Amino acid sequence: MAELSEQEQIRRNSLAELKKLGINPYPAPLYEVNAKSAEILEQYPQDNTLFQNVSIAGRIMSRRIMGAASFVELQDSYGRIQLYIKRDEICPGEDKTLYNTVFKRLLDIGDIIGVTGYVFVTQMGETSIHVKSLTVLSKSLRPLPIVKEKDGVVYDAFSDPELRYRQRYVDLIVNPQVRETFVQRAKIVNEMRNYFNEQGYLEVDTPVLQSIPGGAAARPFVTHHNALDIDLYLRIANELYLKRLIVGGFAGVYEFSRNFRNEGMDRTHNPEFTAMEIYVPYKDYNWMMTFTENMLERIAKALHGDTKVNVWGNEIDFKPPFRRAPMCQLIKEETGVDVAPMTEDELREACKSLGVETDATMGKGKLIDAIFGEKCEGKLIQPTFVTDYPIEMSPLCKRHRDNPELTERFELFVCGKELANAYSELNDPIDQLGRFQEQLRLSEKGDDEAMFIDMDFVRALEYGMPPTSGMGIGIDRLVMMMTGAQSIQDVLLFPQMKPEKKAAVTTDEDFVKQGVPAEWVPVLRKAGINTLSQLKEANPNKLLNDLGGLRKKMKLDIPAVKKEEIESWMNG
RNA sequence: GUCUUGGUAGCUCAGCUGGUAGAGCAAUUGACUCUUAAUCAAUGGGUCCAGGGUUCGAAUCCCUGCCAGGACACCA
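Heads up: these notes are all about the structure in this document. (Residues numbered from 1 in each chain as written. Chains lettered and ligands numbered in written order. Predicted model: local features only at pLDDT ≥ 70, side-chain atom pairs only at ≥ 80, totals over all residues. Heavy atoms only, no water.)

**Structural notes on the packing of aromatic side chains**
Next up, step 1: In total, this model carries 16 aromatic pairs according to the counting rule given.
Next up, step 2: Taken together, a centroid distance of 6.1 Å and an interplanar angle of 90 degrees make the contact between Tyr254 and Phe256 edge-to-face. Both residues of the pair, Tyr254 and Phe256, belong to the buried class.
Next up, step 3: A network of ring pairs unites the aromatic residues Tyr195, Phe196, Tyr201, Tyr254, Phe256, Trp287 and Phe291 as a single cluster.
Next up, step 4: The lysine or arginine in question, Arg63, covers the ring of Phe103, its NZ or CZ lying 5.5 Å from the ring centre. (Phe/Tyr/Trp six-rings, centres within 6.5 Å; stacked < 30°, edge-to-face > 60°. Buried < 20%, exposed > 50% of the residue type's maximum accessible area, 1.4 Å probe, protein only. Lys NZ or Arg CZ within 6 Å of the ring centre and 35° of its normal.)

As structure tokens, this is what we get:
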């Protein structure tokens, strides 16, 4: 096991010693716990008759040993509390092994223990547990990053993003704000679920494996089902399935949907992400705006006790009503250009004069959207419903009641980023089929984002779907805003990473196969020979000298090696 | 996809125009019965991401690759 670091080796030795002392480092029985660290710290100062017989378990995060008494910081799922461990308290008899050997020598930072005792306040004024008994619950074999903190300043923070995301378990142990982010994420989702359920909407599950990846325009992941011998796609959206359920007659359906898109990754995109979509019959997008702003107000209050939330340096107020403005109006405000009456050629001209890049495949709608994206999006800091999008951008959305070139669609922008998207859903099956066919024409023209045609969905609409409004919201992005996270990786427990590649390591066995006696392998490594190719290219005379020197230096009780032996290793 | 920054001890990081690898914390051994970034003394710990090149000599300079971060582009 030469690959183990010194500290890992020491911990394994401690593990063996614990076993020798008859202590099971991984005991089977449950450990009865009757207190939480946070509760003790909160309640004991109010009433010091409480917690006089506590049992608590957690991980050792630091130790301050002062001879026959010690202080330990114990971390449970709720926070940290200090333990006061006195030798003669946990070892009342003659035998002081539990304190002197087990606690002081064989336990380490990172180990999980359970203790019983009573709560008191130290001379320094810190609420602590005076320990009467101590039980080893799990021995940790790897050293934890040591993060220290004083007066709110964190020293030696565990901050390497690669390690934090690859080994999230370590991140969660040493960085308490990480755990808090995910508690808040759960709170946001629960709050939404309650809001929907209270109004009688039904949570449903729809297929993740779809034979037609519909409901959005994005590159899907493809997989194969062997028994059916067909390709299937991981869903890019669940919209078309939820609308089928509205056809089926539900009074409102929603789903928290893990979606998958085979596209680029960056600070706001992960290949798998969570969207919430909800569809309510007999409503329109105006109703949905009110519904959405009330939902966000509720979430903000649940999390922060206030509608005002600091998001990336801006104070955002989620107090309804949010501003509502048509896209063309916002463009006019920002640029002075009225794009509404323009022809495609005029729009192209307008883009040029505004410095917005275009290409030949873009139609009217895409040109308007390009101007909006370039000039307006970033300016929408306070929550704003942008309404009435051009029709070619929105193949699943109903035409605007006053203008057939527009759709009854809104997107909600906060801090310059799109947060939610909603329609008065298109329920005219003939119009829907025509729009799908238009998408197909676009895709034949080379637009690889255009949608597939889902004929079963059209058939469902032909049976009749009530007028319906639907809304989708990116949960990861919402959590980022509500928690102030800078990167989507900070709101996903296990963000996507390239697999770790182990550097090609020559193992001890490889050296032995090469003819090197096992006892010489560590010496060889000490001499800087870590791979077979290094061994083959080494100078035998120098190696003979080095090994001889190291043999003396390391006081090895093995016979000196001869030059012929070294040469035989080198030649295999 | 392009550009850019980085990868050195368990963690956080130094390491200058090339000359045998350093600190703090952590670890080990010892001292210490209310400490709290505990303190004091001593000790050990490295494939300097990998592979090539230049050189008498490379953590350091050059090239290629891998991984990560950032920016841009692309992205209903």
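**Digging into helix α12 (residues 364-375)**
Next up, step 1: Along its 12 residues, α12 runs 17 Å from first to last C-alpha, staying within 8% of the 16 Å computed at 1.5 Å per residue.
Next up, step 2: Along α12, the residues classified as buried are Gly365, Leu367, Ile368, Ala370, Ile371 and Phe372.
Next up, step 3: In the core, the buried residues of α12 are packed alongside α10 (327-335), α11 (344-354), β17 (384-387) and β18 (409-414). (Helix = DSSP H or I, 4+ residues; strand = E, 2+ residues; numbered from the N terminus. Expected span 1.5 Å × (residues − 1). Contact = heavy atoms within 4.5 Å.)

**Here we look at the sheet that holds strand β11 (residues 230-234)**
Next up, step 1: Pairing is antiparallel in the open sheet, where 3 strands are placed in the order β9-β11-β10. Of all strands in the sheet, those bounded by a partner on one side alone are β9 (209-210) and β10 (222-225).
Next up, step 2: Bridge count for β10 against β11 is 4 bridges, and the pairing is antiparallel. Along β11, the bridge assignment pairs His224 with Asp231. (Pairing = 2+ DSSP bridges.)

**Side note on unusual backbone geometry**
Next up, step 1: With an omega of -5 degrees, the peptide bond running from Pro320 to Pro321 counts as cis.
Next up, step 2: Among the secondary structure elements, Pro321 is positioned in the loop between β15 (314-317) and β16 (323-326).
Next up, step 3: Positive phi is not limited to glycine here, since Phe51 has a value of about 60 degrees.
Next up, step 4: Turning to its location among the elements, Phe51 is positioned in the loop between α2 (37-43) and β1 (54-66).
Next up, step 5: Phi angles above zero are rare outside glycine, and Asp388 is one such case at about 65 degrees.
Next up, step 6: Looking at the element boundaries, Asp388 is found in the loop between β17 and β18.
Next up, step 7: Take Asp388: its relative accessible area is 11%, and that puts it in the buried class.

**Here's the deal with the sheet that holds β16**
Next up, step 1: Strands sit in the order β8-β12-β13-β20-β19-β18-β17-β16 across an open sheet of 8 strands; the sheet is mixed. Two strands in the sheet have a free side with no partner beyond their single neighbour: β8 (202-203) and β16.
Next up, step 2: Here helix α9 (residues 285-304) sits on the sheet in contact with β13 (272-281), β16, β17, β18, β19 (417-424) and β20 (468-474), set at roughly 35 degrees to β20.
Next up, step 3: Seen against the sheet, α10 touches β16 and β17 and runs at an angle of roughly 90 degrees to β16. (Axes fitted to C-alpha atoms, helices over the stretch in contact; angles between N-to-C directions.)

**A few points about the state of the cysteines**
Next up, step 1: Counted according to the given criterion, the structure contains 0 disulfides.
Next up, step 2: Left without a disulfide partner, Cys376 is nearest to the cysteine sulfur of Cys328, which lies 9.9 Å away. (Disulfide = S-S within 2.5 Å.)

**Some remarks on the pairing of β18**
Next up, step 1: Across the 6 residues of β18, 6 count as buried, placing the element largely inside the fold.
Next up, step 2: A two-sided burial pattern is seen for β18, the buried positions comprising Arg409, Glu411 and Phe413 on one face and Phe410, Leu412 and Val414 on the other.
Next up, step 3: Pairing geometry for β17 and β18, over 4 bridges, is antiparallel. By the bridge assignment, Thr387 is partnered in β18 with Phe410.
Next up, step 4: Across 6 bridges, the pairing between β18 and β19 is antiparallel.

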